[in-house]
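# Remarks on the overall topology
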Amino acid sequence: MSWQDTVRRVTPYVAGEQPRDKSVIKLNTNECPYPPAPGVRKLAEELRDRYADLRLYPDMDATALVKVLADYYGVGEDQVFVGVGSDDVLAMCFLTFFTNGKPILFPDITYSFYDVWADLFGIAYENPALLEDFSIRTEDYLPALTGKENGGIILANPNAPTGLELDRSEIERIVSGNPDSVVIIDEAYVDFGGVSALPLLKKHDNLLVVQTFSKSRAMAGERIGFAIGCPEIISFLKDVKFSFNSYTMNLPSILLGTEAVRDRDYFLATTARIIATRERFKKELTGLGFVFPDSHTNFVFASHPGHDARALFEALRERKIFVRYFSKGRLKDYLRITIGTDDQMDAVTAALKEILA
Ligand SMILES: Cc1ncc(COP(=O)(O)O)c(C=O)c1O
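It should be emphasised that the depicted structure is a prediction, and the values quoted were computed from it without experimental measurement. (Residues numbered from 1 in each chain as written. Predicted model: local features only at pLDDT ≥ 70, side-chain atom pairs only at ≥ 80, totals over all residues.)

### Some details on the site of the ligand
How we decide: Each residue receives a C-beta atom placed from its backbone. It is near a molecule or strand if this atom lies within 6 Å of it. The classification used treats Ala, Val, Leu, Ile, Met, Phe, Trp, Tyr, Cys and Pro as nonpolar, Asp, Glu, Lys and Arg as charged, and all other residues, Gly among them, as polar.
Taken together, 13 residues surround the ligand, and among them G85, S86, D87, T212 and S214 come closest. For the shell around the ligand, a count of residues per class yields 5 nonpolar, 6 polar and 2 charged.

Structure representation (structure tokens):
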């Protein structure tokens, strides 16, 4: 047997393209079109004076960042776990909580990293199909109704790439209906008008809420994500993380992330601005004949009954407008368009008008 026969073979996650050409209108990875909070810039400049600190390992507990997050969300510091983007946090969650050998559950259409981690870690999974309108059927996640036990549940809420949100009361039905499983709610997009499951933590110790700085806090480049749960669940997560890599968060990320959380007003103003642009863009899309699930995120998942989505994707690309297209199954008729600035969305609308004509 050669060494090639024993290699762990995986099919990696394919992230949206990051073009070098800065003139591209980049609406393909749900980044924020505005810069991070002004305090982040000021601190980034001051970091020059701290360059000598880079010879030291960073604070492995990322104490400053954990503290501001705990204050912001009104939880204890022992309820917060931070990582290198929510991808890192979620991967640690899979490794820590999805271990009982029974299949974990997540919808057939959702963030396409979940099945990659499950495959990587050898976790079995089942994918209840979303309904025709892309909504989640709560009953599919209730063992009392399905008659099947599971190894855990992960739901993106709002879901990606559909943008649809499941009510908090339905999330609570799932969490309380699965007392023997950890239920992870991935709230990457919750700050764009969604409703967080965080208040449910007071009643349920099997719930873990994961969020990111990559979208609403405009810091995808710094790679910061976090999870909030009961102290026990967080301590299990930390044990696994510290068995894997103690120093995940680098010094600039800890400091700059802390500054981003401090500026609540900027955060609220930026997300409000994106929501306003999204609502305006939805009207434009409807006027052009597109249909889409009602987005509670910073993207719209849109289909045109009279036009092929791949052709639209390519025609936009020729005009240097990058959106995301997924060619598989029910997704193949849709484009996922990130909400950018008003000017960027006007350019998209103008380009679509031209293409449709
Ligand atoms: C649903 C969902 N979860 C998690 C992530 C990962 O975000 P990050 O690792 O940048 O925090 C994304 C990114 O697109 C996402 O769409």
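We are not done yet, so read on.
### Digging into the sheet that holds strand β11 (residues 324–325)
Rules: For two strands to be treated as a pair, DSSP must find at least two bridges joining them. Helix and strand definitions follow DSSP, with helices as H or I runs of at least four residues and strands as E runs of at least two, each counted in order from the N terminus.
Taken in spatial order, the 3 strands line up as β9-β12-β11 in an open sheet, and their pairing is antiparallel. With partners counted over all chains shown, the strands left at the sheet margins are β9 (299–302) and β11, one partner each. Alignment of β9 against strand β12 (residues 335–338), held across 4 bridges, turns out to be antiparallel. Bridge pairing in β12 places F301 opposite R336.

### So, the domain arrangement of the chain
For interface size, the figure often reported is the accessible area lost on association. Rules: Those domain boundaries reflect an automatic or database domain assignment. Residues are treated as contacting if the C-beta atoms built from their backbones sit within 7 Å of each other.
Taken domain by domain, the chain holds domain 1 (17–36 + 265–356) and domain 2 (38–262). Taken over C-alpha atoms, the centre of domain 1 sits 25 Å from the centre of domain 2. The partner domain 2 presents 23 residues to the 25 residues of domain 1 that form the contact. At the level of elements, α10 (264–287) and β9 are the ones that each hand at least two residues to the side of domain 1 that touches domain 2. Across the side of domain 1 that touches domain 2, the residue classes tally to 14 nonpolar, 7 polar and 4 charged.

### A few points about the packing of helix α3 (residues 63–73) against helix α9 (residues 251–262)
Heads up, the condition is: Axis lines are fitted to C-alpha atoms, over the contacting stretch for helices. Their N-to-C directions set the angle, which ranges from 0 to 180 degrees. Note that the term roughly parallel is reserved for angles under 35 degrees, roughly antiparallel for angles over 145, roughly perpendicular for angles of 65 to 115, and oblique for everything else. Crossing handedness follows the turn of the near helix against the far one: under a right angle anticlockwise gives a left-handed crossing, and clockwise gives a right-handed one.
At a minimum axis separation of 8 Å, α3 and α9 run at an interaxial angle of 20°. Accordingly, the angle class assigned to the pair α3 and α9 is roughly parallel. As for how α3 packs across α9, the hand of that crossing is left-handed. Contacts between α3 and α9 involve A64, L65, V68, L69 and Y72 from the first element and I254, G257, T258, V261 and R262 from the second. Residues that form the contact of α3 with α9 fall into these classes: 7 nonpolar, 2 polar and 1 charged.

### Points about the pairing of strand β8 (residues 225–228)
Where a strand is regular, its side chains alternate between the two sheet faces. The condition that has to hold: For every residue, the other C-beta atoms within 10 Å of its own C-beta are counted; 20 or more classify it as buried, 12 or fewer as exposed, and values in between as partly exposed. C-beta atoms are placed from the backbone.
Burial of β8 is two-sided: the residues G225 and A227 facing one way and the residues F226 and I228 facing the other way are all buried. Inspection of the sheet shows strand β2 (residues 80–83) paired to β8 by 4 bridges, in the antiparallel sense. Pairing of V80 across the sheet is with I228, part of β8. Of the strand pairs in this sheet, strand β7 (residues 207–212) and β8 are connected by 4 bridges, and their pairing is antiparallel. Within β8, the residue paired with V209 across the bridge is I228.

### Here we look at helix α8 (residues 231–241)
In plain terms, the rule: An arc is given here, and it is the one of the directions from the helix axis to the C-beta atoms.
All of the buried residues along α8 are I233, I234, L237 and K241. Buried residues of α8, viewed axially, fall in a sector of 95°; they line one side. Seen from the buried face of α8, the exposed residues on the opposite side, beyond 90 degrees, are E232, S235 and D239. Where α8 is buried, its residues contact β2, α4 (85–97), β7 and β8.

### A look at the environment of D87
Within the secondary structure, D87 sits in helix α4. Since 21 C-beta atoms lie within 10 Å of it, D87 is described here as buried. The contact partners of D87, leaving out residues within four places of it in the chain, are F113 and G225.

### Overview of the nonpolar core
Heads up, the rule is: Each nonpolar core consists of buried Ala, Val, Leu, Ile, Met, Phe, Trp, Tyr and Cys residues. Their C-beta atoms, within 7 Å, join them into a set.
In this structure, V80, V82, C93, L208, V209, A227 and A302 are the most contacted members of the largest nonpolar core, which totals 98 residues. For this core, the element with the most residues is α4, which contributes 6 residues. When residues of this core are assigned to domains, at least three fall in each of domain 1 (17–36 + 265–356) and domain 2 (38–262). When near neighbours in sequence (up to four residues on either side) are disregarded, A302 contacts L285, F290, F292, Y334, L335 and I337.

### Looking at α9
Short version of the rule: Helix span, expected: 1.5 Å multiplied by one less than the number of residues in the helix.
The first and last C-alpha atoms of α9 sit 17 Å apart over 12 residues, in line with the 16 Å expected at 1.5 Å per residue. A large share of α9 lies buried, amounting to 9 of its 12 residues. Regarding α9, the residues found buried are S253, I254, L255, L256, G257, T258, E259, A260 and V261. Check the buried side of α9 and you find it contacts α2 (38–46) and α3.

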